[in-house]
Amino acid sequence: MTATSPDPTGLPYHRMARYSPHHRWWRPLLGTVVLVFGSVLATVFLYILTDVIGTAAGYPELPDGGADFGPVLGTGLDLALIAVDLPLVLLAVLWLGRRPAGTVASVTGRPRWRWLAWCLLASVPPMVLLPVVAIFLPDDQGDGGGSDVWVGWQTFLLSLAMLVVLVPLQSAAEEYVFRGWLLQAAGAFLRSPWLAVLPQAVLFAAAHGWGTPWGFADLLVFGAVAGLLTIRTGGLEASIALHALNNLLAFGLSAMYVDGLASDETAADAPWQLALVDMASVLLFAAIVLRLARRRHPQHLSAPVPEPIPPHFLPYVPPQGAYWPYAQAPGAYGPYPQQAPGAYGPYPQPPGSHGAYPPPGAHGAYAPPPGAVWPYASPQGSHGPYAPPPSNGAVPGPAAAPSGPDGPGSAGSGADAPGPAAPSDPDGPSPATLGSTASSPVLPGDAPGPDGSSPAAPGDLLGPDGSSHPAPGAASHSAVPSSAAPGDAPSPAAPGDAPSPDGAGPAVPAPADPPSRQPSGPQES
């Protein structure tokens, strides 16, 4: 076992009942009462259960009414009933003491198996010395109902196997009760280890019954020495090793003879010769363990007592769930489905980097207003997804709506509907009568005018600004439809229009549309 330097702020073993932030003065007392009544109830219940099973199995009946299982099986049942106290102690420490169950084993909170092995090794010399000396003692102690007849190898080996399994459990249970719980319960009120050791030693001797004064004194010395070793080494390992090896030796010697295990004698019935030898062996064991403890330095003080947690540091536990009083959300995003495996949450991911809409151009997703200047209009002259408007506001087509204040019949609006062909025109209506010149077709071979307008038809006159005007008397190139009613007032001329020679109204300016947007038609002759 490695050397340790115990914390000076810790507790010794007999004060371990206070090793809890929930310690109260009444907890050791209540635990003692519960442990005593629990042990009695468990023992009575198991005795009744085994008697019922033995009777049903056909075992003979004892004079006191119980089933006779024989010396080997009966001794095993007695040892098992005592071993039941071991889990009862652990439950009392954990439930009533409100501290870790391992604190009853040692100050480290767990059994120290390596130190237990050293203590078992230290108990071998005294336990070998005890039977050797007992052989030379006067034979006046009585056989206790046994005999000196050898039981046989088969029965002895069977008994020895049962003892090796159950005697350590029975010895550990007694140590957990007396040097464990009762020693720590007394230490909760008494600081002195000498005073804390005495109550459990007396109770240990009384629990074996009253036989002889020497036997009682032997058990009292055993309990006191085992308690002091427990406090000095900080755990139950030394007392368990001594108790288990002592009981294994006593039961093993009894199992060698016929009816040796059936004896009712205990250590309390030992004569003075055997009691003195036993006390000498216990003291020898204590001397070896103390010397070993000075070399191995087992931890004999506990860690600092844990402090109670302040209420404001305790985690808040909602009464009925994390979202009380509302229903708990199934996922991290509440009642809605968790985020879909995309960058846009539960909605489907758009097909492109700009979502479901087409990517915006240089001016966003919308086209700039017609005729807007930079920075709204495109620097390259683009008008967005819409067609460029006509320069005079006329809408191309055969049945366009009027765009000027003059309404239908206005020569300057360029929205007049085509009228019927004049009777004097044998070839039908000319292209000039089908609408305004804004929608007149550009015929193949025509050259644009000086201002970019459509070429003048044969016979048309050129105005001062370079625009063409129909010649007087040329009905096929008149801007006034033939369907105009007589007496209609001429529509006001647009700025920049020159009056026609016949006085019918200003000539409609030539179209300014690019040649690519003009409708194609037959070449005029």
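Residues numbered from 1 in each chain as written. Predicted model: local features only at pLDDT ≥ 70, side-chain atom pairs only at ≥ 80, totals over all residues. Heavy atoms only, no water.

Describing the pattern of salt bridges
Okay, step 1: According to the stated counting rule, one finds two salt bridges in the structure shown.
Okay, step 2: The closest approach of N and O atoms between Glu237 and Arg112, which form a salt bridge, is 2.9 Å. Taken as a pair, Glu237 in helix α8 (residues 237-255) and Arg112 in the loop between α3 (85-96) and α4 (113-135) lie far apart in primary sequence, 125 residues in all. Side by side, Glu237 and Arg112 carry an identical accessibility label, which is buried. (Salt bridge = Lys/Arg side-chain N within 4 Å of Asp/Glu carboxyl O. Helix = DSSP H or I, 4+ residues; strand = E, 2+ residues; numbered from the N terminus. Buried < 20%, exposed > 50% of the residue type's maximum accessible area, 1.4 Å probe, protein only.)

Things to note about the packing of α8 against helix α9 (residues 272-296)
In a pair of packed helices, the angle between the axes and the distance between the axes together describe the arrangement.
Okay, step 1: Relative orientation of the contacting elements α8 and α9 amounts to 145°, with a least axis distance of 11 Å. The two elements α8 and α9 meet at a crossing, and its hand is right-handed. Within the contact between the two elements, α8 uses Ala238, Leu242 and Asn246 and α9 uses Asp278, Val282, Phe285 and Val289.
Okay, step 2: Here the residues of the contact of α8 with α9 are counted per class, giving five nonpolar, one polar and one charged. (Axes fitted to C-alpha atoms, helices over the stretch in contact; angles between N-to-C directions. Left-handed = near helix turned anticlockwise from the far one by under 90°. Contact = heavy atoms within 4.5 Å. Nonpolar A, V, L, I, M, F, W, Y, C, P; charged D, E, K, R; others polar.)

Topic: α8
Okay, step 1: Given a rise of 1.5 Å per residue, 19 residues ought to cover 27 Å, and the 27 Å separating the end C-alpha atoms of α8 matches this to within 8%.
Okay, step 2: Every buried residue of α8 is listed here: Glu237, Ala238, Ser239, Ile240, Ala241, Leu242, His243, Ala244, Asn246, Asn247, Gly252 and Ala255.
Okay, step 3: Against α4, α5 (153-187), α6 (193-207), α7 (213-233) and α9 lie the buried residues of α8. (Expected span 1.5 Å × (residues − 1).)

A few points about the packing of aromatic side chains
Okay, step 1: Counted according to the given criterion, the structure contains seven aromatic pairs.
Okay, step 2: Seen in terms of ring centroids, Phe178 and Phe204 are 5.4 Å apart; in terms of plane orientation they differ by 80°. Their pairing is edge-to-face. In this pair, Phe178 is assigned in helix α5 and Phe204 in helix α6, connecting sequence segments 26 residues apart. Like Phe178, the residue Phe204 is buried in the burial classification.
Okay, step 3: These aromatic residues form a ring-pair network of at least three members: Trp150, Trp153 and Phe156.
Okay, step 4: In this structure, Arg179 is placed above the aromatic ring of Phe204, and the distance from its NZ or CZ to the ring centre is 4.3 Å. (Phe/Tyr/Trp six-rings, centres within 6.5 Å; stacked < 30°, edge-to-face > 60°. Lys NZ or Arg CZ within 6 Å of the ring centre and 35° of its normal.)

What to know about the environment of Thr43
Okay, step 1: As for its position among the elements, Thr43 is in helix α1 (residues 26-57).
Okay, step 2: Residue classification places Thr43 among the partly exposed residues on the basis of a relative accessible area of 24%.
Okay, step 3: Residues Thr43 and Asp85, spaced 42 residues apart in sequence, show a C-alpha to C-alpha distance of 9.1 Å.

A short note on a positive patch on the surface
Okay, step 1: Residues Arg232, Arg291, Arg294 and Arg295 make up a contiguous surface patch of positive charge.
Okay, step 2: In terms of residue count, the dominant contributor to the positive patch is α9 (three residues). (Patch = residues over 30% accessible without salt bridge, like charges linked within 9 Å, V, L, I, M, F, W, Y side chains within 5 Å. Areas by Shrake-Rupley, 256 points an atom, 1.4 Å probe, with all protein chains shown as cover. Lys, Arg positive; Asp, Glu negative; His and termini not counted. Charge placed at Lys NZ, Arg CZ, Asp CG, Glu CD.)

Here's the deal with the side chain of Ser171
Okay, step 1: With respect to the helices, strands and loops of the structure, Ser171 is situated in helix α5.
Okay, step 2: Not counting residues within four places of it along the chain, the set of residues in contact with Ser171 comprises His243, Ala244 and Asn247.

So, unusual backbone geometry
Okay, step 1: Positioned with a positive phi, Arg98 is a non-glycine residue whose angle comes to about 55°.
Okay, step 2: Relative to the helices and strands, Arg98 resides in the loop between α3 and α4.
Okay, step 3: You can call Arg98 partly exposed: its relative accessible area is 39%.
Okay, step 4: Residues other than glycine seldom take positive phi values, yet Asp259 does so here, at roughly 60°.
Okay, step 5: For Asp259, a relative accessible area of 42% corresponds to the partly exposed category.

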